[in-house]
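One letter stands for each residue in the lines below.
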Amino acid sequence: MARDRLLQQAAQLFEHRFGRAPVSVVAAPGRVNLIGEHTDYNDGFVLPMAIDRYVAAAVGPRSDRVLRVFSSEFQQMREISLEALERRTTASPERRSGRGGWFGYLAGVAWAMLTAGHRLRGADVSLVSDLPVGAGLSSSAALELAIARALAETSDIPWDPRTFALMAQRAEHEFAGVACGIMDQLSVAASREDCALLIDCRSLETRDIPLPPDARIVVFDSGVRRELASSAYNDRRAACERVVAALRRRYSWVHALRDADDALLADVAHDVDPLDLRRAAHVIAENRRPLELANAFACNDLQRAGRLMMHSHASLRDLYEVSSPQLDTLVDLALEQPGCTGARLTGAGFAGCIIALVEAGSVERVMSSVEIGYEERQRRQTTAFVCRPSGGASLFSTASTP
Ligand code: GLA
């Protein structure tokens, strides 16, 4: 199994870099979002699925209070003093801007754990991954939850997926400067094997949603990355907040777009910028789709499930404007194939990946036709793979990694 191989690689890398055996190995998955895009920070519903691609970490304690990490992906060793990080808990917010690339996410998580009152021991950590970075598959949330799980283990802190997901989100807000919702961290922390995870982002309640037996989720990576996606993301979030402010002037009980419907939105149509209105219209319609998709799955109805995904993509393209020519081409190509019932961009958008809902017997044909078509229409190569629902961040015994 790919996960076992990664865990083994992490353990071997640890021995090679730190000259001793690790005490634990952990794996945190990436995720695709099946539906409910840009609804999480509007207190809405999402239906992500953790996938069988991971960040694996091997960890061992140190006698001092230093966190030292080697990443095989970046071929870099980085370290930070936990005492220095601890002092930042009382520093002003402007000083909490340790934006240090991949290591910034890890330092951010350690900082969030310290700020929550945990006493952290020093640790050595080695990291390996088979998740593409920046592809919209939540490699950063996987990194965050892998280190959280590893540090919880070496510092004897009981693991609770929801609490640690919130700490990882805080790290992302304060260290990476992305005002993300809770979807990525919670699905990476709390998913169950073989299920997608329906999340109510207001109450943080979750429900495991099994996929129909014949359904396969295929990822197509556009190969395009967008550097400034975080500022466009923060812009979308600000647009939603402006509409909420307008709604609240009339309806004081509205706290987020989750509380609004089309009729309410029509009432404030003249009070808000037309572009903001389109953003809000997307969120309100999209927020109905996670529950509808969960129902379609329960009825084993892949046609209805696929239609919901198509509507979601069209709305993200036309109203929320977070698609791209490459993502649209991939979606169009997938939808042209018999056996593919739906397709949409997944994650924040702007670049990265799409997912296609495909009947099991058609997977190989759909994959090769889309690969050929993408090269013809976009003069680019797509990397395609089938992903299976995976459990959230987990600890494994080092005994299973010879
Ligand atoms: C990113 C964010 C999530 C979510 C999606 C869009 O992945 O991290 O919180 O907002 O974009 O649905």
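Below you will find a few notes about this structure. (Residues numbered from 1 in each chain as written. Predicted model: local features only at pLDDT ≥ 70, side-chain atom pairs only at ≥ 80, totals over all residues. Heavy atoms only, no water.)

### Focus: the overall build of the chain
- A count of helical and extended segments in the chain gives 13 helices and 12 strands.
- The C-alpha radius of gyration of the chain comes to 21 Å, within 12% of the 21 Å expected for a compact globule of 402 residues.
- For the C-alpha atoms alone, the extent of the chain along its principal axes is close to 60 × 55 × 40 Å.
- Put simply, the chain has 402 residues, and 57% of those count as buried.
- Sequence separation of at least 24 residues holds for 73% of the intrachain contacts in the chain that already meet a minimum separation of 6.
- Of the roughly 16100 Å² of accessible surface on the chain, a fraction of 47% belongs to carbon and sulfur atoms. (Helix = DSSP H or I, 4+ residues; strand = E, 2+ residues; numbered from the N terminus. Rg over C-alpha atoms; globule rule 2.2 N^0.38 Å. Buried < 20%, exposed > 50% of the residue type's maximum accessible area, 1.4 Å probe, protein only. Contact = heavy atoms within 4.5 Å. Areas by Shrake-Rupley, 256 points an atom, 1.4 Å probe, with all protein chains shown as cover.)

### Comments concerning the sheet that holds strand β10 (residues 353-359)
- The strand order across the open sheet built from 4 strands is β9-β10-β8-β11, with neighbouring strands paired in antiparallel fashion. At either margin of the open sheet sits one strand with a lone partner, and together these are β9 (340-345) and β11 (383-387). When the angles between neighbouring strand axes are averaged without regard to direction, this sheet yields 20 degrees.
- Both β9 and β10 contribute to a ladder of 5 bridges, which runs antiparallel. Each bridged residue has a counterpart across the sheet, and for Cys340 the counterpart in β10 is Val358.
- Taken strand by strand, helix α12 (residues 325-335) contacts β8 (215-221), β9 and β10, and its axis lies near 175 degrees from that of β9. (Pairing = 2+ DSSP bridges. Axes fitted to C-alpha atoms, helices over the stretch in contact; angles between N-to-C directions.)

### A few points about the packing of α12 against helix α13 (residues 363-378)
- At a closest axis distance of 10 Å, the pairing of α12 and α13 adopts a crossing angle of 140 degrees. Here α12 is positioned oblique relative to α13, judged by the angle of their axes. The two elements α12 and α13 meet at a crossing, and its hand is right-handed. For the pair α12 and α13, contact is made by Pro325, Gln326, Thr329, Leu330, Asp332, Leu333 and Ala334 and by Val370, Gly373, Tyr374, Arg377 and Gln378, respectively.
- Partitioned by chemical class, the residues of the contact of α12 with α13 number 6 nonpolar, 4 polar and 2 charged. (Parallel < 35°, antiparallel > 145°, perpendicular 65-115°, else oblique. Left-handed = near helix turned anticlockwise from the far one by under 90°. Nonpolar A, V, L, I, M, F, W, Y, C, P; charged D, E, K, R; others polar.)

### Some details on unusual backbone geometry
- Residue His38 is not a glycine yet carries a positive backbone phi of 65 degrees.
- Tracing the backbone shows His38 in the loop between β1 (24-35) and β2 (45-61).

### Observations concerning the packing of helix α3 (residues 101-115) against helix α5 (residues 161-176)
- It is at 8 Å that the axes of α3 and α5 come closest, and there the two elements cross at 120 degrees. Classified by the angle their axes make, α3 and α5 are oblique. As for how α3 packs across α5, the hand of that crossing is right-handed. Of α5, the residues touching α3 (which contributes Gly104, Tyr105, Ala107, Gly108, Val109, Trp111, Ala112, Met113 and Thr115) are Phe164, Met167, Ala168, Arg170, Ala171, Glu172, Glu174, Phe175 and Ala176.
- Residue composition of the contact of α3 with α5, grouped by class: 12 nonpolar, 3 polar and 3 charged.

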